[in-house]
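If you want the building blocks of each chain, they are given just below.
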Amino acid sequence: QEKEKYISQLNERVKGFYKTRYAFEDIIGQDYPYIKLAKKAAQTDNSVFLIGESGTGKEVVAQSIHRDSYRGGQSFVDINCASLPETLLDSELFGYVPGAFTGASKNGKIGLFELANGGTLFLDEITEMPLPLQSKLLRVLQERRFMRVGGTRELHSRFRLIAATNRDLWQEVRERRFRQDLFYRIAAFPLTMPPLRQRRQDILPLANAFIRHFA
């Protein structure tokens, strides 16, 4: 009965995660070096760090890397680290056991680390993650083991991590708002994505694409 509850909860949680909408073919514009590097990254299992202002298409590239990788048929799980306070982000990532805290579901909750097993976990705005949670994430990446909030049973997950930020990453590390050891762990492929003002030649192709789409 407990196994049936787990499967039911798992099925409910994955509904919004398995699908990806974008692939490299959907990216409009010039063939930039960062796109070529992203395609190379897709053929490895290394972590990728996407760095760029809001609106530069970080999620599009993240989904494209996932779809072009051998994990493409598995789950693509994403969360914006700036959208939740630390305690909620903690329970969202790790999950929790029944009765772990006041207001917790009586059935517990499957975390995103579990959901992403075999697939890709995309942590958007990762530099907004509080330092204590950064330490926990580093341990998960090193050991591929974790426990749910309030739990005692060790769980395993082998996911591919893609992270993104719109901040000056080097400044975040220098000012100790982002752990240097975590940065080195997840930045095997750092990709800097230029804003549209630095690639003016893409304005006309983008305008034509929007006209075709909306007209």
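Data block above holds the structure.
Each value, and the rule that gives it
Residues numbered from 1 in each chain as written. Predicted model: local features only at pLDDT ≥ 70, side-chain atom pairs only at ≥ 80, totals over all residues. Heavy atoms only, no water. Salt bridge = Lys/Arg side-chain N within 4 Å of Asp/Glu carboxyl O. Helix = DSSP H or I, 4+ residues; strand = E, 2+ residues; numbered from the N terminus. Buried < 20%, exposed > 50% of the residue type's maximum accessible area, 1.4 Å probe, protein only. Polar contact = N/O pair within 3.5 Å; in protein donor to acceptor, adjacent residues only side chain to side chain. Contact = heavy atoms within 4.5 Å. Pairing = 2+ DSSP bridges. Axes fitted to C-alpha atoms, helices over the stretch in contact; angles between N-to-C directions. Arc of directions from axis to C-beta. Core = buried A, V, L, I, M, F, W, Y, C linked by side-chain atoms within 4.5 Å.

A. Inspection of the pattern of salt bridges at higher detail. Per the counting criterion, the structure on display carries 13 salt bridges. The residue Glu114 makes a salt bridge to Arg148 at a minimum N-O spacing of 2.9 Å. Residue Glu114 is found in helix α5 (residues 112–115), and its partner Arg148 is found in the loop between β6 (145–147) and β7 (154–156); the two are separated by 34 residues along the sequence. On the accessibility criterion, Glu114 (13% relative accessible area) is buried. Its relative accessible area of 14% is what places Arg148 among the buried residues. A salt bridge links Glu128 to Arg167; its shortest N-O distance comes to 2.5 Å. Of this pair, Glu128 sits in the loop between β5 (120–124) and α6 (131–143) while Arg167 sits in the loop between β8 (160–165) and α7 (169–174); the two residues are 39 residues apart in sequence, bridging distant segments of the chain. Residue classification places Glu128 among the partly exposed positions, given a relative accessible area of 31%. Note on Arg167: relative accessible area 37%, which makes it partly exposed.

B. Representation of the side chain of Thr165. Inspection of the secondary structure assignment puts Thr165 in strand β8. Here Thr127 takes part through its side chain, which lies 2.6 Å from a polar atom of the side chain of Thr165. In contact with Thr165, not counting residues within four places along its chain, are Phe49, Leu50, Ile51, Gly52, Lys58, Glu125 and Thr127.

C. Inspection of the sheet that holds β5 at higher detail. As summarised here, the arrangement of the five strands in space is β2-β5-β8-β1-β9, forming an open sheet in which the pairing is parallel. Each edge of the open sheet is held by one strand with a lone partner, namely β2 (76–80) and β9 (189–192). The mean inter-strand angle of the sheet, taken between neighbouring strand axes irrespective of direction, is 15°. Each of β1 (48–51), β8 and β9 is contacted by helix α2 (residues 33–42), which is oriented at about 155° to β9, the strand it contacts most.

D. Spatial organisation of α2. Buried within α2 are the following residues: Tyr34, Ile35, Ala38, Ala41 and Ala42. For α2, the arc enclosing every buried residue in end-on projection is 115°, short of the 170-degree limit, so these residues lie on one face. Projecting away from the buried face of α2 at angles above 90 degrees are the exposed residues Pro33 and Lys40.

E. Representation of helix α3 (residues 58–68) within the structure. Of all the residues in α3, the buried ones are Lys58, Val61, Ala62, Gln63, Ser64, Ile65 and His66. Taken together, the buried residues of α3 touch α2, β1, β2, β5, β8 and β9.

F. Structural detail: unusual backbone geometry. The backbone of Arg144 sits at a positive phi, close to 60°, despite the residue not being glycine. Structurally, Arg144 can be placed in the loop between α6 and β6. Residue classification places Arg144 among the buried positions, given a relative accessible area of 17%. Non-glycine residue Arg176 carries a positive phi angle of around 60°. Counting through the fold element by element, Arg176 comes out in the loop between α7 and α8 (180–186). Classification of Arg176 by relative accessible area gives exposed; the value is 71%.

G. Region of the structure containing the nonpolar core. Counting 34 residues, the largest nonpolar core has Phe49, Leu93 and Leu123 as the members making the most contacts within it. When neighbours within four sequence positions are excluded, Leu123 is seen to be in contact with Ile79, Cys81, Leu93, Met129, Leu137, Leu161, Ile162, Ala163 and Ala164. Within the second largest apolar cluster, 19 residues are counted, among which are Phe24, Phe76, Ala164 and Leu191.

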